[in-house]
Structure formats: structure tokens, C-alpha cells
Amino acid sequence: MEQEIRAEFESSGFSVDDDDQILQKCLTYCINYKLTPSDLVSNWEIYYLNRQLNGLKLESAHMDGFLSYLQNEMKQKIIKEDAHLHVYSSDDVEMLLGDDHDSTGGILNTPNSQYEKLHVDTYNSVSTPKTKDNLLSSKDATDISSRITPFGQRISKFTSQFVFNSESVENRLSGQDLNDMEDDIIRRVQTTERCNLQVHHLQPQSGCRFMYDRTKDRFNYLDNRIKKHANAFTSYGLYGEPSDATLASQKNTFAVGMVCCDGEGHLNEKSILMQGSTELSGGRRVRLDLQKLAHFSLFPGQVIGVEGHNPSGHCLTATKVIDYLPSSLDVDQPPAKKLAMDQDYQPTSSNESRELSLLIAAGPFTTTDNLLFEPLKELLAYASRRQPQLVILMGPFVDSDHPEIKKGTVDRVFDDIFQFEILRKLYDYTKYMGPSARVILLPSIRDAHHDFVFPQPAFDIRQPDDISHQITCLPNPGLFSANEITFGCCTIDILKQLSGEEISRTSADTMSGDRMGRLATHILGQRSYYPLYPPSLGVPLDLSLAPEALDIPLIPDILILPSDLAPFVKVLSHKENNAEATKCMCVNPGRLAKGIGGGTFVELHYNSEPEKSNASIVRI
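Conventions adopted
Residues numbered from 1 in each chain as written. Predicted model: local features only at pLDDT ≥ 70, side-chain atom pairs only at ≥ 80, totals over all residues. Heavy atoms only, no water. UniProt positions renumbered as here; feature names shortened; annotations may be inferred. Pairing = 2+ DSSP bridges. Helix = DSSP H or I, 4+ residues; strand = E, 2+ residues; numbered from the N terminus. Axes fitted to C-alpha atoms, helices over the stretch in contact; angles between N-to-C directions. Contact = heavy atoms within 4.5 Å. Core = buried A, V, L, I, M, F, W, Y, C linked by side-chain atoms within 4.5 Å. Buried < 20%, exposed > 50% of the residue type's maximum accessible area, 1.4 Å probe, protein only. Phe/Tyr/Trp six-rings, centres within 6.5 Å; stacked < 30°, edge-to-face > 60°. Lys NZ or Arg CZ within 6 Å of the ring centre and 35° of its normal. Salt bridge = Lys/Arg side-chain N within 4 Å of Asp/Glu carboxyl O.

Going by what an unreviewed UniProt entry lists, the protein is known as DNA polymerase alpha subunit B and is assigned to Ensete ventricosum. Under the Subcellular location (unreviewed entry) heading, UniProt states for the protein: "Nucleus".

Novice: Would you mind showing me how to read the sheet that holds strand β9 (residues 303–310) here?
Specialist: Two modes of strand pairing occur in sheets, parallel and antiparallel, and in both the strands are linked by backbone hydrogen bonds. The five strands lie next to each other as β5-β6-β7-β10-β9, forming a closed barrel whose pairing is mixed. For this sheet, the mean angle separating the axes of adjacent strands, direction not counted, is 55°. Sheet topology places strand β5 (residues 249–261) next to β9; seven bridges connect them, and they run antiparallel. Paired with G257 across the two strands is I304, which belongs to β9. Here helix α10 (residues 215–236) sits on the sheet and contacts β5, β6 (272–275), β9 and β10 (315–322); the angle it forms with β5, its principal contact strand, is near 140°.

Novice: Please clarify how the nonpolar core should be interpreted in this entry.
Specialist: Among soluble globular proteins, nonpolar side chains are generally buried collectively. Membership of the largest hydrophobic core comes to 45 residues, with the highest contact counts inside it found for F454, L559 and L561. Going through the elements one at a time, α10, β5, α16 (494–501), α17 (515–526), β19 (568–574) and β20 (582–588) are the ones with two or more residues in this core. Every residue in contact with L559, bar those within four places of it in the chain, is listed here: G488, I523, L524, Y529, C584, M585, C586 and V587. Membership of the second largest hydrophobic core comes to 40 residues, among which are L359, V391, L441 and I461.

Novice: Help me understand the packing of aromatic side chains in this model?
Specialist: Between two aromatic rings, the relevant description is the distance of the centres plus the angle of the planes. With the rule as written, the count across this model stands at 18 aromatic pairs. Ring centres of Y29 and F66 lie 6.1 Å apart, and the angle between their planes is 75°; this geometry places the pair in the edge-to-face category. Of this pair, Y29 sits in helix α2 (residues 20–32) while F66 sits in helix α4 (residues 63–81); the two residues are 37 residues apart in sequence, bridging distant segments of the chain. There is no split in this pair, since Y29 and F66 are both buried. On the numbers, 5.3 Å between centres and 65° between planes, the contact of Y382 with F601 is edge-to-face. Here Y382, found in helix α13 (residues 374–386), pairs with F601, found in strand β23 (residues 600–607); they are 219 residues apart in sequence, far enough to count as distant. The exposure class assigned to Y382 is buried, which follows from its relative accessible area of 3%. Aromatic ring contacts, followed pair by pair, group F9, F14, Y29, W44, Y47, Y48, F66 and Y69 into a single cluster. For R209, the ring lying beneath its charged end belongs to Y212, and the centroid distance is 4.3 Å.

Novice: Sorry, what's going on with the sheet that holds β20 here?
Specialist: Pairing within the open sheet is mixed, and its six strands lie in the order β4-β15-β16-β18-β20-β19. Two strands close off the open sheet at either side, each with one partner strand: β4 (197–199) and β19. On average, each strand axis in the sheet is tilted by 25° relative to the strand beside it, whichever way the strands run. α17 contacts β18 (558–560), β19 and β20 of the sheet and is inclined by roughly 55° relative to β19.

Novice: Would you mind showing me how to read unusual backbone geometry here?
Specialist: With glycine set apart, most residues show a phi of negative sign, and most peptide bonds adopt trans. Here the residue pair G395 and P396 is connected by a cis peptide bond, since its omega of 10° sits within 30 degrees of zero. Mapped onto the secondary structure, P396 falls in the loop between β12 (390–394) and α14 (403–407). The linkage connecting Y533 with the following residue, P534, adopts the cis geometry, with an omega of 0°. Note on placement: P534 falls in the loop between α17 and β18. Unusually for a residue other than glycine, Q387 sits at a positive phi of about 55°. Here Q387 shows up in the loop between α13 and β12.

Novice: Help me understand the pairing of strand β13 (residues 438–442) in this model?
Specialist: Working note: regular strand, side chains alternate between the two faces of the sheet. Counting buried positions over the five residues of β13 gives five, a clear majority of the element. Residue alternation in β13 divides its side chains into two sets, R438, I440 and L442 and V439 and L441, and both sets are buried. Where β12 meets β13, five bridges bridge the pair, whose relative direction is parallel. Each bridged residue has a counterpart across the sheet, and for L393 the counterpart in β13 is L441. In this structure, β13 lies alongside strand β14 (residues 471–473), joined through three bridges in parallel fashion. Bridged to L441 within β14 is C473.

Novice: How should I be thinking about the pattern of salt bridges in this particular structure?
Specialist: A side chain of one charge can pair with a side chain of the opposite charge when the charged atoms of the two come close. On inspection of all chains with the given rule, the structure shows 20 salt bridges. Here D244 and R284 are joined by a salt bridge, their closest N and O atoms 3.2 Å apart. With D244 in the loop between α10 and β5 and R284 in the loop between α11 (278–281) and β7 (285–289), this pair connects stretches of sequence that are 40 residues apart. Accessibility expressed as a relative area gives 11% for D244, which makes it buried. One salt bridge in this structure joins D514 and K570, with 3.1 Å as the shortest N-O distance. One end of the pair, D514, is in the loop between β17 (503–505) and α17; the other, K570, is in strand β19, with 56 residues separating them in the sequence. By relative accessible area, K570 is classed as partly exposed at 23%.

Next comes the structure, spelled out in C-alpha cells:
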């Protein structure tokens with residue numbers, strides 16, 4: 001029969017290694033799983049295509065993986081024949097023998113701890129509307145329960161990588177606390193206070209038409225940014241009236257313009273141009289000489305004020321660069337609109353406590369080796385234990401960069417994945433926690449089920465009546481307030497994009513090590529969630545939708561900028577001359593899932609101001 005197996009492989013275009021053990025293993029597979037040589041080769045072809053193996057030679061290294069595939073196929077066949085049949089695994093046997101999987105040596109040291117079982121079972125037991133989209137078949141449930149993944153086998157769970165303001169941080173959960181079920185019941189009875197949530201704008205609207213922006217829309221947006229900065233500098237009164245930087249003059253002048261590159265590549269000190277407004281210079285550009293500056297930090301699209309002189313009319317020699325927008329943002333607004341803006345964005349009551357506990361996490365929410373969304377499950381289980389007032393989840397949720405989605409091997413519609421794997425888990429979480437739990441969702445341009453455009457409209461979801469208004473969907477970028485604490489959020493990885501485009505020089509007496517803080521400060525200084533222009537490759541910037549959605553009308557208390565760069569929690573200070581510094585807490589929670597392992601999220605307790613607040617970057 002071994003020769004029949006070899007002949008069957010060769011007839012299908014495969015060659016078999018000369019090692020006799022390969023044919024012996026194939027013969028064993030045929031006997032154990034009652035397969036004919038033709039059936040065996042058919043299964044091998046499916047395995048070969050799914051794994052995308054190289055070459056047409058059957059080697060010994062392939063046999064273990066092929067055996068696992070055959071075992072899984074037989075298991076699926078048995079389950080399909082009898083849906084009520086339970087296939088026992090080693091975990092079931094150990095459970096029947098009374099072997100407890102829990103470990104008291106740390107936090108959730110095994111994937112089958114009592115804490116994880118408690119909350120996963122609780123979520124699954126919460127009643128939700130039973131529709132075809134959100135019901136697991138017994139086959140799927142058995143697959144998920146019996147599947148062992150690298151994420152589930154990780155050792156260190158919920159450990160703090162970094163603690164901000166550590167002297168005021170509460171004691172973290174110990175392993176004994178997590179395994180104490182009686183204590184969990186006591187915690188469950190204690191309800192948290194519901195936070196007061198206010199969304200400041202919802203632009204662009206869901207269902208909007210996009211991909212209709214014109215060159216005129218982009219030009220007008222950039223020109224309006226330059227004019228807005230020029231008006232703010234004029235109102236500020238410290239730098240004089242802006243003039244045309246392209247005119248030859250021996251005197252020192254002050255000009256406002258946008259940083260550009262004279263070619264297709266990255267900026268360097270020899271390729272920096274400054275484009276003026278149509279009002280002052282007709283949109284013309286002039287070369288910028290920065291040799292006299294001890295320090296600067298510039299990137300394409302940045303609007304700056306420059307003091308210097310241009311004796312030839314071709315090159316502006318800078319003696320000072322102002323790379324932030326003064327506070328006078330609304331100098332060109334009528335008094336009625338100023339009052340309306342103040343009422344929209346400023347706290348309405350000084351007596352209300354500005355305190356809030358929250359968790360912040362950014363996608364992907366599943367590992368690259370499957371679509372089980374295990375990191376999201378454990379995050380919600382952790383949230384049910386800690387009971388934050390607010391959970392902020394930022395996309396991507398159905399990541400278009402996931403290997404299975406990229407290859408097109410997913411057998412479900414993207415909307416169904418989002419409905420079942422994300423929304424149903426959130427519905428279960430909010431029902432379990434009660435009316436005090438609030439969740440905020442922000443989309444990402446990497447969400448395969450949502451509009452590929454930036455600015456991006458909010459998700460359009462239908463919530464069950466009993467948990468309505470507990471889950472709030474915001475556009476990307478989004479601005480909202482919770483307990484009078486202002487948040488600004490954007491899921492575009494602007495920090496990583498700025499790091500690739502920025503050119504800087506630092507003097508010896510300045511702090512040069514905090515590059516992440518400098519990049520985040522550019523967002524506040526430009527008062528824009530996306531000040532980079534031209535946009536980075538892959539960013540579908542559409543300036544015909546709602547260009548005002550990119551503006552930051554005021555410096556928020558907390559700015560959330562998820563990035564692939566190292567996670568951080570920093571306090572940014574924005575001080576103008578002798579004015580009191582405006583402080584903003586900037587948070588990069590990292591990614592909840594990284595590769596086949598877990599990533600990070602941020603647990604934050606905000607108390608009136610950054611100095612009294614504390615935060616932890618937690619590895620899931």
C-alpha cells in the first residue's frame with residue numbers, strides 16, 4: 001500500500017522524500033483515519049494550499065502539521081454528525097479528576113483560571129437578542145473551547161509596564177484577590193457612579209458620500225489654515241503684522257506660512273520651502289535657511305511663523321521660528337459665535353467633580369493567528385473586575401491587515417464579525433455591569449467593515465433597548481467630555497507618521513531625549529489632529545467632507561493618540577511667554593494585540609489635573 005500512496009502523490013504532481021518513515025506515517029494515517037490513498041492525497045492538497053507551503057516535495061518536517069490537520073478534520077466530522085456529542089480534551093479529564101488549574105502565584109497565571117472562567121461564563125450566560133448573526137453553533141463553541149493558542153498560554157498577565165505618578169496609584173489586584181470568588185461577589189454588588197458624557201461634534205455624518213474631494217478643496221483647506229495662524233499671530237501682538245516672505249528686504253520681517261519640501265523625498269535642511277497665503281503672497285513659496293537656528297523641529301504641512309530677512313527675494317534666513325498656534329483661535333469669529341463655542345467646549349459647572357476612572361485600549365483586538373478575539377475577552381473581564389466608569393475602545397476592530405482577512409480565507413462577512421465578536425461582547429459587558437458602565441467606540445481606517453475615509457464617520461449600530469445610551473460611537477477624530485474632563489481622540493497613527501517625516505535640530509542645553517513628547521506637542525501646537533501634508537501613504541484624506549473635524553478647538557485635558565510606537569503616558573505643557581502653562585495628559589495605549597501575543601492598554605484615574613492623576617500601562 002505504501003507504493004500506492006507514493007503513486008497517488010506523484011500523480012498529483014508531488015514527490016515524496018526518499019525517507020521510508022514518511023510513507024510509513026502516511027500508511028499509519030490511512031489506517032487510523034480509514035482513508036484511501038486518494039483521500040489522503042486530497043487532504044494533503046488542502047493542507048498544502050491552506051499553509052501556502054513552498055515546493056512540491058513531501059518532507060518529514062511537514063508530517064506533524066499534516067497529522068494535526070487530519071485530527072482536526074476528523075473531530076469536525078464527528079461533531080457535525082452528532083451536534084450534541086462532546087469531544088473531551090485533557091482539560092475535561094483533569095477537571096473530572098479534580099485537578100484545579102488555578103495558580104496562586106500570580107495574576108491569572110493560566111488560561112483556565114477561576115477568574116477567567118467566571119467572567120467568560122458570565123458574558124456567555126447574559127441573555128441577548130437571539131438572531132442568526134450572534135449565535136454560536138455547537139460546532140463553533142466546541143472549537144473555541146478546546147483550542148489552545150499562544151495567547152492563552154502566556155505567563156505574565158495584567159502586569160504594569162509603566163506607572164505614571166506611582167505614589168498615588170492604588171494597589172493593583174493580587175493573585176489572591178483575583179481567585180477570591182466571595183470577594184468578587186462583594187465587588188459586584190458595589191455600583192460605580194455613572195459618568196456624565198457629552199459629545200461635542202459628530203462630523204462627518206454616518207452615510208456621507210466621500211471620494212469627491214477636489215484639488216480646490218485641498219488648496220482652500222491649506223490656505224485657510226495659514227490665514228487662521230496669521231490672524232492668531234496678529235491678534236497676539238508680539239510678532240508684528242505678517243508680511244510677504246517672497247519680497248526682497250534688508251529689514252527683519254515676520255512671515256507666516258506652511259512648511260513644504262522642494263521634491264518628492266523627505267525633508268532636509270537644503271530642501272525646506274515655506275508657502276505663504278494667497279492673501280499675502282499669492283500662494284508663492286520661498287526657500288528657508290535655518291543655519292542660524294540652534295534648535296528647530298519641522299515637518300511638511302506644519303504652519304509656522306518665521307522672523308528673519310530675505311535680502312535677495314529667493315531665500316528667507318530665519319532667526320526665529322514659532323511652531324505653535326497662539327491661544328487666540330477665535331479672533332476672526334463674531335462675539336455671538338465666541339460665546340457659543342465657549343458654552344460648547346468649556347465646563348458648565350465648576351462644582352461638579354472632575355474625577356473619572358477609565359480603561360483605554362486600541363486595536364487590533366485579536367491576535368494574528370486567529371479571529372477568536374481573546375485579548376478583547378480578557379480586557380472586558382478585567383474591566384468587570386476593576387469597574388471603571390468609562391471604557392474607550394479605539395479601532396481597528398475588524399483589522400484589514402489581519403492575515404486571514406488579507407488572504408480572503410474568512411468565511412464570514414466583516415459586518416457579522418463586528419456584530420458578533422465585538423458588539424455582542426460589549427452588550428454582555430454592559431448588561432453584566434449595569435447602567436453605570438459606559439463604552440465609547442472610535443473607528444479606524446483599518447476597519448474592514450467601515451468607510452475607508454478620513455475624517456471618518458462614527459459606527460452606525462443598533463443597541464438593545466435595555467442598554468441604550470451605554471455604548472456611544474464617535475467619529476474619527478472625536479472630541480467629547482466625561483465628568484467635565486475633555487478628551488481628544490484620533491486613531492490615525494499620526495505619531496509614527498510624523499516620526500518618519502520630521503526634521504529636527506536640538507541644542508546642547510535643551511531636553512532632546514523626549515522625542516515622543518515633542519511629536520505629540522506638534523499636534524497641540526498646530527491645533528490639528530492631522531497637520532501632516534501631503535498625507536502619508538495609505539491615509540484616505542478627504543477634505544471635502546468636514547475639514548473642521550480635523551481642528552482641535554481647545555487643548556483637551558486628555559489627548560489619546562494610539563500608535564505602533566512604544567506606549568506612553570506623558571504630561572505636555574504648552575506655555576506662551578509669561579502666561580500660565582496649559583497642561584494636557586497625552587496617552588498612547590499601544591495595541592491590545594501584537595502578533596500572536598498580547599499587547600498593552602492603559603488604566604487611568606483622572607483627578608482634576610494631571611499632577612493628581614495616576615495611570616498604568618498594563619500588559620494584557
